[in-house]
Amino acid sequence: MKKWILLAALAAGAWYFMKGSPEVKNLHNPYTAIVAFGDSLTAGYGAPKGASYPDVLAQKLGRPVVNLGLSGDTAVNAPNRLPDVLAQNPHMVLIEFGANDFMRSLPLEDAVAAVARVVDEVQAAGAVAVIVDTGGPGMGAYTKAYEKMAKEKQAVFVPGIVKGIFHDRRYKSDMIHPNAAGYEKVAEKVYKEIKPYLK
């Protein structure tokens with residue numbers, strides 16, 4: 001009887017562990033580079049050189065993070081820049097797009113389809129895809145779409161990087177962008193979500 005109880009407990013523990021650790025595609029790929037791919041929030045607009053969230057993230061991780069952020073870029077344009085991303089032979093790509101599409105009133109479905117294409121091509125290249133959600137005011141539809149996409153495509157999801165920052169002037173350089181202190185908070189949010197999936 002004791003043996004069966006022990007086996008049942010072990011099975012329950014294994015089920016709980018697996019349930020709490022969703023599978024991520026390409027987790028054990030042989031590459032090492034981490035690439036941050038996005039718009040001005042990735043580029044670090046509004047903060048001094050060296051204070052972007054990828055710069056701060058690199059310090060937290062103790063390893064380089066390639067910053068391929070481009071101010072003003074949109075999700076719908078992102079696939080055009082993928083060759084630069086994939087040329088890094090990345091282990092992990094942090095995909096942060098949507099805010100400019102939203103502000104320019106571009107169709108949500110086009111932005112989501114473009115991010116899905118980026119995720120697919122990143123994963124096809126063997127890298128871990130991380131969908132970084134902006135979480136700005138009025139962008140709830142993006143958050144829902146990206147979270148669903150992450151689950152379906154076995155990608156990592158980072159929710160709402162500007163939540164708690166957007167309406168707090170202590171962390172802003174202008175009406176839209178964080179300052180150095182704000183990017184520190186963004187980096188901490190990204191770090192928390194991706195750390196369990198790094199070698």
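Quick caveat: nothing in here was measured; it's all calculated off a predicted structure.

Visitor: Got a minute to help me understand the overall build of the protein in this structure?
Guide: When its secondary structure is counted, the protein shows 8 helices and 5 strands. Counted from the first residue to the last, the protein has its helices and strands arranged as α-β-α-α-β-α-β-α-α-β-α-β-α. Split into buried and exposed, the 199 residues of the protein put 47% on the buried side. Across the protein, contacts joining residues at least 24 apart in sequence account for 79% of those joining residues at least 6 apart. For the protein, the accessible area works out to roughly 10,300 Å², and carbon and sulfur atoms hold 59% of it.

Visitor: What exactly am I supposed to notice about unusual backbone geometry here?
Guide: Excluding glycine, residues mostly carry a negative phi; peptide bonds, for their part, are mostly trans. One non-glycine residue, Asn89, lies in the positive phi region at around 50 degrees. One non-glycine residue, Ser105, adopts positive backbone phi at about 60 degrees. For Ser105, a relative accessible area of 64% puts it in the exposed group.

Visitor: Even after reading the chapter, I still don't get the environment of Leu94, so can you show me in this structure?
Guide: Looking at the element boundaries, Leu94 is found in strand S3 (residues 90-96). Using a relative accessible area of 0% as the deciding quantity, one classes Leu94 as buried. Here the alpha-carbon distance between Leu94 and Val156, two residues 62 residues apart in the chain, equals 9.0 Å. The contact partners of Leu94, leaving out residues within four places of it in the chain, are Ile34, Val35, Ala36, Phe37, Tyr53, Leu57, Val130, Val132, Val190 and Ile194.

Visitor: Is there a simple way to think about the environment of Ser40 in this case?
Guide: By secondary structure assignment, the location of Ser40 is in helix H2 (residues 40-43). Under the relative-accessibility criterion, Ser40 is labelled buried at 7%. The sequence separation of Ser40 and Ser71 amounts to 31 residues, and the corresponding C-alpha distance is 3.8 Å. With residues up to four places along the chain from it excluded, the contact list for Ser40 reads Tyr45, Leu70, Ser71, Gly72, His177 and Tyr183. Separated by 2.9 Å, the side chains of Ser40 and His177 make a polar contact.

Visitor: Hey, could you run me through the packing of helix H3 (residues 53-61) against helix H8 (residues 180-194) in this one?
Guide: The packing of two helices is summarised by the inter-axis angle and the distance between the axes. Between H3 and H8, the shortest axis-to-axis distance is 8 Å and the interhelical angle comes to 50 degrees. By the criterion of interaxial angle, the relationship of H3 to H8 is oblique. For the element pair H3 and H8, the recorded crossing hand is right-handed. Listed contacts from H8 to Tyr53, Val56, Leu57, Lys60 and Leu61 of H3 are Tyr183, Glu184, Val186, Ala187, Glu188, Val190, Tyr191 and Ile194. Its residues assigned to classes, the contact of H3 with H8 shows 10 nonpolar, no polar and 3 charged.

Cut-offs used in this document
- Residues numbered from 1 in each chain as written.
- Predicted model: local features only at pLDDT ≥ 70, side-chain atom pairs only at ≥ 80, totals over all residues.
- Heavy atoms only, no water.
- Helix = DSSP H or I, 4+ residues; strand = E, 2+ residues; numbered from the N terminus.
- Buried < 20%, exposed > 50% of the residue type's maximum accessible area, 1.4 Å probe, protein only.
- Contact = heavy atoms within 4.5 Å.
- Areas by Shrake-Rupley, 256 points an atom, 1.4 Å probe, with all protein chains shown as cover.
- Polar contact = N/O pair within 3.5 Å; in protein donor to acceptor, adjacent residues only side chain to side chain.
- Axes fitted to C-alpha atoms, helices over the stretch in contact; angles between N-to-C directions.
- Parallel < 35°, antiparallel > 145°, perpendicular 65-115°, else oblique.
- Left-handed = near helix turned anticlockwise from the far one by under 90°.
- Nonpolar A, V, L, I, M, F, W, Y, C, P; charged D, E, K, R; others polar.

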